[in-house]
Amino acid sequence: MRHALPPEDLARDERFVRNSFMVRATDPRLTAMPAEKRARRAPLNPDRADGPEAARALMHGIFTGEIQALEGAGRTCWDFPIGDGADEAPFELKLDMARQCWDEARHCEISVKLGDWMGTDIGEFAESVFLYEAACNPDPVLRLTGVNRALEGLAIDVFNTMREFGIQAGDPVLEFCEDWMLADEVTHVKMGSDWLRRLTADDPDRRTRALEFQRVVDKLFSLGGARGEEDDSPIKLARRFRELAGFNTEEIDEIAALSTESRQDLADVQDRAAAQAAATTSGER
Amino acid sequence: MSDPKKPRAAFAPWDRRELPGSFTVEESARRVGNYKWIETRLFEVLGGWVATVPELDVKMRLGTHCYHHAWHAELWHKRLPELREINPDRLTQPANDGIVAFIDAMTEPEAPELTIEKLVGVYRVLIPHKIAAYTYHLNNTSTITDAPTIRSLTFILQDEFEDWRDGEMLIQSLIETPAEVDRATAHQASLEKLMVAAGGITGPGSIGGGPVMVEPAGAEVSA
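Residues numbered from 1 in each chain as written. Chains lettered and ligands numbered in written order. Predicted model: local features only at pLDDT ≥ 70, side-chain atom pairs only at ≥ 80, totals over all residues. Heavy atoms only, no water.

Observations concerning the nonpolar core
Formed by 73 residues in total, the largest nonpolar core has its most connected members in Phe43(B), Leu62(B), Phe102(B), Met106(B) and Leu126(B). Apart from the residues lying within four places of it in its own chain, the contact partners of Leu62(B) are Leu46(B), Trp49(B), Val50(B), Val53(B), Leu119(B) and Tyr123(B). Residues Leu114(A), Cys177(A), Leu223(A) and Leu237(A) belong to the second largest nonpolar core, which totals 45 residues. (Core = buried A, V, L, I, M, F, W, Y, C linked by side-chain atoms within 4.5 Å. Buried < 20%, exposed > 50% of the residue type's maximum accessible area, 1.4 Å probe, protein only. Contact = heavy atoms within 4.5 Å.)

Structure below.
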C-alpha cells in the first residue's frame, strides 16, 4: 500500500456523491440571485423556515466529516515511519492517532444513527473532501496542526451549534450525543496542541510553518464565513469549548477575523461567477 | 469471629499458581519485543486501510480495531523496560526476515475491491497466529514471577478473540460467490505459507516445539 493516499482515491460505496466547496459556492442557482439575497444568512435554529432541513444537511456533513477525520487519523498511523525526523512520526504520536481512529469511528457510528433519527439517508447530500485534504500534508507536524487544531476545532464549533439546536428543538438525543462528541473533540485539539509544542520545541521555523498552515486551513474551514462570530453566522465559534481545548483569546479572535475574510472571498468569487454567467448569456444573444 | 493472630498459609488453598516457567527474563523480553513489533505493524496498516475500503461497516471496524492493537503495542512497550530492556527500541524487532516478508505481503493490498484480501490476511492468518503465540506464552510462563506479562496477555487475548470474531463475520458477510471463496482461500494459503516459513509471530518455537529457552542451569525452584 502506498504511503500517501490522495483525496480522489478515498474509497466510498455507490451512495456517496462528491463535489467541491467551489462547485457549491458557484452553483448557478446561487449566482443568479441578487448579491444581497445570496449573502443572506441566519443562525441555525429550529425556528428558521428551513431549520430542520439545514440541520439534516449539517448532520450529513458531520457524518462525512467524521469519515474523513477517521481516514486522516488512520493515514497518519500508516504514512510515516516511526522516528523523530522531519518526515517521521514518534511512536507515541501514532498511538494517539490510533486512539483518535477509534474516537472518529464512534463519531461515524453516532452520526449515522443521528442522521437516521433526523430522517436522512446516507448519500442524500453531497460530500466534499476538503477536510481530508488537510490530512495529506507530508510533514507530520503540519498535518497534526491542520487536522487536530483546525479540523477538530471546526468540529467543536459544529458540534456545539448542533447541541444548541438540539436544546432549542427539545431533542434530548441530539443534545446528549453532540455533548459526548464535543468532549472527544476537545481532547483531540489538546492532543494536536501538545504535539505541536513537543515536536517544534527546538525548531521555531517548523512551528511558524505549522501555524501558517493552520491559518490557511482555518480560513478554508470557515466555509465562506458560515462558521464565524457574526450575528448571522449559521455555525458559531464555540469560544468556551475552544478555551477548554487550549486555544487562547488571541487565537480565537484570529479565527473570527479569518472567517470575515473568508466571507468576503466567497462574495468576490460569487460576484465573478455571476458576472461571467451574465457575460456568457449576453454573448449568446 | 476470626482470630487476626491465627497463622494462615501464604497461598490460599484455591491459589494454584506455581513458580516454574518456561521463559527466562531474556526470552520473555525477546518475545515481548516481537509482540510490540507485530502489534505496531498491525495498527499501522489497519489505520492506513480505513481510507481504502468502501464498505462503511468495515471502515468503522478497522478504525476501532486499529486502536486495540495500538494499545497492545503500548502495553508491550511499557513492559520491555521492566524486563531489563532499558532501550525498548532495541528489542522492538521482527522475529526474523520471514515475518517481515509476511507483513509485507499482508499489507500489500490497497485497491478498494480488495477488502476480502485485506481482512483475510489479518483475521484468518495473523490474528489466529497471535492468539496461538499469546496463549502459549500465557500457559508456559511463571504464574508468579511473570504475572505482569500474564495480566497484559489476558487483556490482549480478550481483544484478540473479539476482534477475530468481528473480522471473521465481516469476511463471511462479504463472501457471496464461489469465486470469492477461491479468492479468500488462495490469499489465506499464500500468507499462511509465509507465516509457516517464519515459524510464527516470534519465529520457530512461537507455540513451543522449537528452541525455547528454559530456566538457567542450576536454578532451583520449588514446584
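After that view of the structure, there is still more to cover.
Considerations on helix H11 (residues 249–284) of chain A
Residue and element names in this part refer to chain A. Taking 1.5 Å as the rise per residue, H11 with 36 residues should run 52 Å; its terminal C-alpha atoms sit 53 Å apart, in good agreement. At its buried positions, H11 is contacted by helix H1 (21–25), helix H2 (28–31), helix H3 (35–38), helix H9 (204–220), strand E1 (227–228) and helix H10 (239–244). Measuring from the backbone nitrogen of Glu 250 back to the side-chain oxygen at the start of H11 gives 3.2 Å, which picks out Asn 248 as the cap. (Helix = DSSP H or I, 4+ residues; strand = E, 2+ residues; numbered from the N terminus. Expected span 1.5 Å × (residues − 1). Polar contact = N/O pair within 3.5 Å; in protein donor to acceptor, adjacent residues only side chain to side chain.)

Notes on the pattern of salt bridges
Throughout the structure, instances matching the rule amount to 48 salt bridges over all chains. One salt bridge connects Glu109(A) with Arg61(B), and the closest N-O pair in it is separated by 3.5 Å. Within this pair, whereas Glu109(A) is found in helix H5 (residues 91–118), its partner Arg61(B) is found in helix H2 (residues 56–79), the two belonging to separate chains. Residue classification places Glu109(A) among the partly exposed residues on the basis of a relative accessible area of 29%. For Arg61(B), a relative accessible area of 25% gives the class partly exposed. Across the salt bridge formed by Glu230(A) and Arg263(A), the nearest N and O atoms sit 3.1 Å from each other. With Glu230(A) in the loop between E1 and strand E2 (235–236) and Arg263(A) in helix H11, the pair connects residues that are 33 residues apart, well separated along the chain. Residue classification places Glu230(A) among the partly exposed positions, given a relative accessible area of 28%. Through salt bridges with shared partners, a single network forms among Arg12(A), Glu71(A), Glu127(A) and Lys59(B). (Salt bridge = Lys/Arg side-chain N within 4 Å of Asp/Glu carboxyl O.)

Observations concerning the environment of Asp179(A)
Considering the arrangement of structural elements, one finds Asp179(A) in helix H8 (residues 172–199). Between the alpha carbons of Asp179(A) and Glu164(A) there is a distance of 9.7 Å; along the sequence they are 15 residues apart.

As for the interface of chain A and chain B
Listed as interface residues are 30 residues of chain A and, on the opposing side, 31 residues of chain B. Viewed at the interface, chain B and chain A are joined by four salt bridges. Put simply, Glu71(A) and Lys59(B) hold a salt bridge, and the shortest N to O gap is 2.6 Å. Applying the counting criterion to the chain A and chain B interface returns 10 residue pairs in polar contact (both at pLDDT 80 or more). The leading source of residues in the side of chain A that touches chain B is H5(A), at 11 residues. Here the side of chain A that touches chain B is composed, by residue class, of 18 nonpolar, one polar and 11 charged. (Nonpolar A, V, L, I, M, F, W, Y, C, P; charged D, E, K, R; others polar.)

Observations regarding the packing of aromatic side chains
All names here are of chain B. Taken as a whole and assessed by the stated rule, the structure comprises nine aromatic pairs over all chains. With a centroid separation of 4.7 Å and 80° between ring planes, the pair formed by Tyr 35 and Tyr 134 is classed as edge-to-face. Highlighted residues: Tyr 35 in helix H1 (residues 25–50) and Tyr 134 in helix H5 (residues 115–140), separated in sequence by 99 residues. Residue classification places Tyr 35 among the buried residues on the basis of a relative accessible area of 0%. Among the aromatic side chains, those forming a connected cluster through ring pairs are Tyr 35, Trp 76 and Tyr 134. (Phe/Tyr/Trp six-rings, centres within 6.5 Å; stacked < 30°, edge-to-face > 60°.)

Focus: the environment of Glu44(B)
With respect to the helices, strands and loops of the structure, Glu44(B) is situated in helix H1. Judged by its relative accessible area of 7%, Glu44(B) is buried. Beyond its immediate chain neighbours, meaning those up to four positions away, Glu44(B) contacts Gly74(A), Cys77(A), Trp78(A), Ile82(A) and Lys94(A). At a separation of 2.7 Å, a polar atom in the side chain of Glu44(B) contacts the side chain of Lys94(A).

Some thoughts on the confidence of the model for chain B
Residues and elements named next belong to chain B. Mean pLDDT over chain B: 93, with 94% of residues reaching 70 or higher. Note on residues 212–223: pLDDT under 50 across the span, and 20 contacts to partners over four residues away in sequence or across chains. This complex was scored by the predictor with a pTM of 0.92 and an ipTM of 0.92. (pLDDT = per-residue confidence, 0-100.)

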